[in-house]
Amino acid sequence: EVQLVESGGGLVQAGGSLRLSCAASGFTFDDYAIGWFRQAPGKEREGVSCISDSNSSTYYADSVKGRFTISSDNAKNTVYLQMNSLKPEDTAVYYCAALTYWCGPYFLEYDYWGQGTQVTVSS
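Quantities reported herein were computed from a predicted structural model and do not represent experimental measurements.

Moving on, we come to the sheet that holds strand β8 (residues 78-83). Reading across the sheet, the four strands line up as β1-β3-β8-β7 and stay open at both edges, with antiparallel pairing between neighbours. The sheet is open, and its two edges are formed by β1 (3-7) and β7 (68-73), each paired on a single side. Between one strand axis and the next, the sheet turns by 15 degrees as a mean value, whatever way the strands run. Judged from the six bridges that link them, β7 and β8 form a sheet pairing that is antiparallel. When the bridges of β8 are listed, I70 appears paired with L81.

With that settled, consider the state of the cysteines. All chains considered together, the criterion is met by two disulfides. At a sulfur-sulfur separation of 2.1 Å, the disulfide partner of C22 is C96. In this structure the cystine formed by C22 and C96 twists about its S-S bond by roughly 70 degrees; its chirality is therefore right-handed. Linking C22 in strand β3 (residues 18-25) with C96 in strand β9 (residues 92-100), this pair joins segments that are 74 residues apart in sequence. Side by side, C22 and C96 carry an identical accessibility label, which is buried. Between the sulfur atoms of C50 and its disulfide mate C103 the distance is 2.1 Å. Between C50 and C103 the sulfur-sulfur dihedral comes to about -95 degrees; the bridge is accordingly left-handed. One end of the pair, C50, is in strand β5 (residues 46-52); the other, C103, is in the loop between β9 and β10 (112-113), and 53 residues separate them in sequence. When sorted by exposure, C50 lands in the same class as C103, which is buried. Going through the protein in sequence order and numbering each bonded cysteine, the pairs you get are 1-3, 2-4.

Our focus in this paragraph is the packing of aromatic side chains. Counted according to the given criterion, the structure contains eight aromatic pairs. Aromatic pair F27 and Y112: ring centres 5.3 Å apart, planes at 35 degrees, arrangement tilted. In this pair, F27 sits in the loop between β3 and β4 (32-39) while Y112 sits in strand β10, placing the two residues 85 residues apart along the sequence. The buried category is assigned to F27, whose relative accessible area is 15%. Residue classification places Y112 among the partly exposed residues on the basis of a relative accessible area of 25%. Here Y101 and W102 contribute two aromatic rings whose centre-to-centre distance is 5.6 Å and whose plane-to-plane angle is 45 degrees, an arrangement assigned as tilted. Put simply, the rings of F37, Y95, Y110 and W113 touch in pairs and so form one group of aromatic residues. For the cation-ring pair, R45 lies above Y95, with the distance from its terminal atom to the ring centre recorded as 5.4 Å.

Rules of the game
- Residues numbered from 1 in each chain as written.
- Predicted model: local features only at pLDDT ≥ 70, side-chain atom pairs only at ≥ 80, totals over all residues.
- Heavy atoms only, no water.
- Pairing = 2+ DSSP bridges.
- Helix = DSSP H or I, 4+ residues; strand = E, 2+ residues; numbered from the N terminus.
- Axes fitted to C-alpha atoms, helices over the stretch in contact; angles between N-to-C directions.
- Disulfide = S-S within 2.5 Å.
- Buried < 20%, exposed > 50% of the residue type's maximum accessible area, 1.4 Å probe, protein only.
- Phe/Tyr/Trp six-rings, centres within 6.5 Å; stacked < 30°, edge-to-face > 60°.
- Lys NZ or Arg CZ within 6 Å of the ring centre and 35° of its normal.

And the structure:
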């Protein structure tokens, strides 16, 4: 059974930090790129970051460059998103998703999705 489970969301003040985790099971973790997306009420789903071991690549949306860092622990089948200097506009439900081999910019390309974790940043 394929499963992606996000955790680590919560309420934080502007300028604070959170670390999100995405734990994967039921598929060959090393053969997939893992992306983070977010969606705020009334807004479109937005790509945030992605990591691929297949081509040793990471990607970040312009809005989070310099503030967010993506990393992976293959022994634990887990991807992390360290979020620093959080802003109110970062408030959203954050999802992790899996795509074979390489990162892609469009959420419709991804094969598997987690249920999401809420991040709320107060001003």
